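Coordinate inspection notes
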Amino acid sequence: MTTSQDHRPSTRFHLPHRASAKHPAPATPGTPADGATPAAGARHATVVGTRIGAADAALAGLRVVLGFAFLWAFLDKTFGLGYATRSGKGWIDGGSPTRGFLSHVDVGPMASTLRGWAGAGWADWLFMLGLLGLGVALTFGIGLRLAAIAGTAMMALMWMAEWPPAKHLDSGAASGSTNPFVDYHLVYAIALVALAAFAVRSRLGLGARWARLPIVERNHWLL
């Protein structure tokens, strides 16, 4: 015999299944895998995000090669290694690194000014310190922003000393360039700017360590 209570609808609610050690909750998208923590996932993402790629390697190669070009110019002019500077005519032998180049400037809007700088002690020191500083900065990947500023100024002055447009725009006098506008000084300047824009803090060199120095962290222009 049944009563009216036997036909009442059930008022029980089915609670969601709680996770336990025996029955872990199913993973949802974006949830770290079993045993992983959000911190571990963040560290993994950081490692993946800082992986060295082909572009980083290419910039590092450009930086080192360009740095060696400046370092070699400094060494050759200092010791007279027999390439651009003959043996016995180096800076340590009493030769002037600027006289041979600037004394032959005959074309361009700064010709007379640059000839006046030829052989001056201050010009020799600035030029040689510039070559050394650029070589060290680029080779090791430190101070690339300063290197870009100083190097671009140096390349601009040397471009004006050779004055590539001379052969085409002046009286026919030969200039030091085989191109009426683009020569290696302009290419070097653009490369310096590109390195300052994209290669600071690089781990392929000392850039990352340099950026963590307290003085550099306070003065980003030293990067």
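That block above? That's the structure.
Sequence order as written defines the numbering, with residues in each chain counted from 1. Only residues with pLDDT of at least 70 are given local features in this predicted model, and only at 80 or more are side-chain atom pairs given and counted; all residues enter the totals for whole chains, interfaces and linings. For the side-chain quantities, the full set of heavy atoms in the structure was used; hydrogens and water were omitted.

**Quick look at helix H8 (residues 184-198)**
- The secondary structure listing takes helices from DSSP runs of H or I that are at least 4 residues long and strands from runs of E that are at least 2 residues long, numbered from the N terminus. Given a helix with a known number of residues, its expected span is that number minus one, times 1.5 Å. Across its 15 residues, H8 extends 21 Å between first and last C-alpha, which sits within 8% of the 21 Å expected from 1.5 Å per residue.
- Any residue under 20% of the maximum accessible area for its type is buried, any over 50% is exposed, and the rest in between are partly exposed; the area is computed with a 1.4 Å probe on protein chains only. Residues of H8 that are buried include every one of His185, Ala189, Ala191, Leu192, Leu195 and Ala196, and no others. Each buried residue of H8 sits inside an arc of 165° when the element is viewed along its axis, so together they form one side. The outward face of H8, more than 90 degrees from its buried face, is lined by the exposed residues Ile190 and Phe198.
- Only heavy atoms enter the contact rule, under which two residues are in contact if any of them lie within 4.5 Å. Elements in contact with the buried residues of H8: helix H2 (54-79), helix H5 (121-140) and helix H6 (144-162). Note that the arc is defined by the directions from the helix axis to the C-beta atoms.

**As for the packing of aromatic side chains**
- Note on ring pairs: Phe, Tyr and Trp rings are taken, using the six-membered ring of Trp, and paired if centres are within 6.5 Å. Classes follow the plane angle, with under 30 degrees stacked, over 60 edge-to-face and the rest tilted. Under the counting rule described, the total for this entry stands at eight aromatic pairs.
- Following the ring pairs from residue to residue traces out a cluster consisting of Phe68, Trp72 and Tyr83.

**Brief notes about the packing of H5 against H6**
- Inter-axis angles, ranging from 0 to 180 degrees, are taken between N-to-C directions of lines fitted to C-alpha atoms, where helices are fitted over the stretch in contact. The N-to-C vectors of H5 and H6 enclose an angle of 140°; their axes lie 10 Å apart at closest approach. Put simply, H5 runs oblique to H6. Of the two possible hands of crossing, H5 and H6 adopt the one that is left-handed. From H5, Phe127, Gly130, Leu131, Leu134, Ala137 and Leu138 reach across to H6, where they touch Leu144, Ala147, Gly151, Met154 and Met158. Each angle gets one of four labels, with under 35 degrees taken as roughly parallel, over 145 as roughly antiparallel, 65 to 115 as roughly perpendicular, and the rest as oblique. Handedness of a helix crossing follows the sense of rotation of the near helix relative to the far helix, less than a right angle counterclockwise being left-handed and clockwise being right-handed.

**Some points on H6**
- Over its 19 residues, H6 extends 26 Å from the first C-alpha to the last, a length consistent with the 27 Å expected when each residue adds 1.5 Å.
- Here H6 has its buried residues at Leu144, Ala147, Ala148, Gly151, Met154, Met155, Met158, Trp159, Ala161 and Glu162. All buried residues of H6 fall inside an arc of 150° around its axis, so they share one side.
- If you follow the buried residues of H6, they end up packed against H2, helix H3 (99-102), helix H4 (111-117), H5 and H8.
- Once H6 finishes, Trp163 follows within two positions and takes phi at roughly 45°, a positive value.

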